[in-house]
Amino acid sequence: MRISEHIEMPDSFNFTALPPLALYIHIPWCVRKCPYCDFNSHEQKQALPERDYVTALLADLEQELSGVWGRTIQSIFIGGGTPSLFSADSINELLSGIRARGALKPDAEITLEANPGTVEQQKFNEFRAAGINRLSIGIQSFNDDKLQQIGRIHGRREAIRAAEAAHAAGFDNFNLDLMFGLPNQTTAEALEDLQTAIDLEPAHVSWYQLTLEPNTYFHKHPPTLPNDDSLWDIQQAGQPRLAESGYTQYEVSAYAGDGKQCRHNLNYWRFGDYLGIGAGAHGKITSAAEQQIVRRWKVKNPRDYLNACNTRHFTGGEQILGIDDARFEFLLNALRLNQGFAFPEFEQNTGLAATTLHEALSHQAERGLLEITDRVMPTEKGRQYLNELLESFLPDDAG
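In short, a report on the structure.

Conventions and cut-offs
Residues numbered from 1 in each chain as written. Predicted model: local features only at pLDDT ≥ 70, side-chain atom pairs only at ≥ 80, totals over all residues. Heavy atoms only, no water. Axes fitted to C-alpha atoms, helices over the stretch in contact; angles between N-to-C directions. Helix = DSSP H or I, 4+ residues; strand = E, 2+ residues; numbered from the N terminus. Parallel < 35°, antiparallel > 145°, perpendicular 65-115°, else oblique. Left-handed = near helix turned anticlockwise from the far one by under 90°. Contact = heavy atoms within 4.5 Å. Salt bridge = Lys/Arg side-chain N within 4 Å of Asp/Glu carboxyl O. Pairing = 2+ DSSP bridges. Buried < 20%, exposed > 50% of the residue type's maximum accessible area, 1.4 Å probe, protein only. Right-handed = clockwise from strand over helix to strand, strands pointing away. Nonpolar A, V, L, I, M, F, W, Y, C, P; charged D, E, K, R; others polar. 1 Å grid on protein atoms, 1.4 Å probe; cavity = no way out; pocket = protein on both sides within 12 Å on 5 of 7 lines; lining within 4 Å. Points joined across faces, edges and corners; volume = space filled by probe spheres on them.

Here we look at the packing of helix 1 (residues 50-65) against helix 2 (residues 88-101)
Phase 1 of the analysis: Running from N to C, helix 1 and helix 2 cross one another at 20 degrees; their axes reach a closest spacing of 10 Å. By the angle class used here, helix 1 and helix 2 are roughly parallel. Judged by the sense of rotation from one axis to the other, the crossing of helix 1 with helix 2 is right-handed. Residues Glu50, Val54, Leu57, Leu58, Leu61, Glu62 and Leu65 of helix 1 form the contact with helix 2, whose participating residues are Ser90, Glu93, Leu94, Gly97, Ile98 and Arg101.

The following block contains the structure:
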């Protein structure tokens, strides 16, 4: 399909419908900060203030709900930090409070991130009873030496036991987080990790490359990582193995069994809306009445966040997205998906006409990076050069 006519960008949004709505909850504490981690996480120095933090989360939610009355929460993701440090009683109190305050879809996907070093069988049983119906277990590797090099608090045995405990607790939907490109990792070691994960039969595998993010220990003191050729060899060998085992790649680093794609993350990648509560949590909300998209984030320091419960000043800042930014952010996320997006999805979730994409999309299709039918999808070449493809849509005034 050739779509090359020049279209002027509009000067305002036109939302006639709203995107789906999700809820992200941030629990910022962990046992030990990993050297590659750039999330808002803080080492646990003393007893966790679980009850006070749940109280603050629910007060934060009450404020957020005033801007989304009448909308149904489709999914919940409890991330961190290490949320599995919290007791099942605290998670139950939190979920009960959410149900009492907002419209939660009856079959909502409710995910809890868990660290193999902080859980045991009984705790998984209790999380399940509290209403968690999906786990995301941060394995990263099954190699004891590699786990030590990247600062994890668990070993191979604990990682395997965590997956087995998830099965035993009745979780038919759980994810294993696995990294490749670890310090001095060989292709054989990376593939052994991947095969071990497959053998544990999770519903979903997140398999992604270790990157050195700013403001992390590894960024300041970089370890020796595999070169690009080795990384390419790992991907080229690992992806067919996942496919042969029944895991379909649906996003750059996400592989799922039938019907087990992560609904919460799909909402992010499709530029859906989400409330963000908790220290440092980010949210994105569309207003049809105001014809605008607002990003809002909460104060980052856990102590400041807890103190905000008395003042109700949870917000750390906010940004109203411009049209160019919304268009770019949609493409930045949606083109990570193997199936890309349909034009009606773009129009609903950005409030912009699909014609505003035509010129830019046509150029990338001519380069062989996009396939355009009733959907816009990255080609195999486009997935290989995804960063270059996404950068091509940056607004002209982006710094």
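Don't stop here, the text continues.
A closer look at the pattern of salt bridges
Phase 1 of the analysis: Summed over all chains, the structure comprises 14 salt bridges.
Phase 2 of the analysis: Put simply, glutamate 251 and arginine 336 hold a salt bridge, and the shortest N to O gap is 2.6 Å. In this pair, glutamate 251 sits in strand 9 (residues 248-251) while arginine 336 sits in the loop between helix 11 (323-334) and strand 15 (341-342), placing the two residues 85 residues apart along the sequence.

Re the sheet that holds strand 16 (residues 370-372)
Phase 1 of the analysis: The three strands are arranged 15-17-16 in an open sheet whose pairing can be described as antiparallel. Each edge of the open sheet is held by one strand with a lone partner, namely strand 15 and strand 16.
Phase 2 of the analysis: As defined by bridge partners, strand 15 adjoins strand 17 (residues 375-378) across two bridges and the pair is classed as antiparallel. Its bridge partner being in strand 17, alanine 342 is matched across the sheet by arginine 375.

Description of unusual backbone geometry
Phase 1 of the analysis: Geometrically, the link from glycine 80 to glycine 81 is a cis peptide bond, its omega value of 20 degrees lying close to zero.
Phase 2 of the analysis: Looking at the element boundaries, glycine 81 is found in the loop between strand 4 (73-80) and helix 2.
Phase 3 of the analysis: Non-glycine residue asparagine 184 carries a positive phi angle of around 60 degrees.
Phase 4 of the analysis: One can find asparagine 184 in the loop between strand 7 (174-180) and helix 6 (187-199).
Phase 5 of the analysis: In the Ramachandran plot, phenylalanine 271 falls in the positive-phi region, its phi being about 65 degrees despite a non-glycine side chain.
Phase 6 of the analysis: Relative to the helices and strands, phenylalanine 271 resides in the loop between helix 9 (263-269) and strand 11 (273-278).

Looking at the pairing of strand 7
If a strand is regular, its side chains alternate between the two faces of the sheet.
Phase 1 of the analysis: When you tally the buried positions in strand 7, you get seven out of seven residues, the bulk of the element.
Phase 2 of the analysis: Side-chain alternation along strand 7 places Phe174, Leu176, Leu178 and Phe180 on one buried face and Asn175, Asp177 and Met179 on a second face that is also buried.
Phase 3 of the analysis: Two elements, strand 6 (residues 134-140) and strand 7, share five bridges in a ladder whose sense is parallel. In the sheet register, serine 136 faces strand 7, and the bridge partner there is asparagine 175.
Phase 4 of the analysis: Relative to strand 8 (residues 204-209), strand 7 is paired through six bridges, and the arrangement is parallel. Each residue of the ladder has a partner; that of leucine 178, found in strand 8, is tryptophan 207.
Phase 5 of the analysis: Handedness of the strand 7-helix 6-strand 8 crossover: right-handed.

As for the packing of helix 2 against helix 3 (residues 121-130)
Phase 1 of the analysis: Following both chains from N to C, one finds helix 2 and helix 3 inclined at 10 degrees, their axes separated by 9 Å at the closest point. Accordingly, the angle class assigned to the pair helix 2 and helix 3 is roughly parallel. The segment helix 2 lies against helix 3, with Ala88, Ile91, Asn92, Leu95 and Arg99 engaging Glu126, Phe127 and Ala130.
Phase 2 of the analysis: Of the residues in the contact of helix 2 with helix 3, the class split is five nonpolar, one polar and two charged.

Looking at empty space enclosed by the protein
Phase 1 of the analysis: Under the counting rule described, the total for this entry stands at one cavity of 30 Å³ or more.
Phase 2 of the analysis: The volume enclosed by the largest cavity comes to roughly 30 Å³.
Phase 3 of the analysis: Glu64, Tyr274, Leu275, Gly276, Gly283, Lys284, Ile285, Arg296 and Lys298 together form the lining of the largest cavity.
Phase 4 of the analysis: For the lining of the largest cavity, a count of residues per class yields three nonpolar, two polar and four charged.

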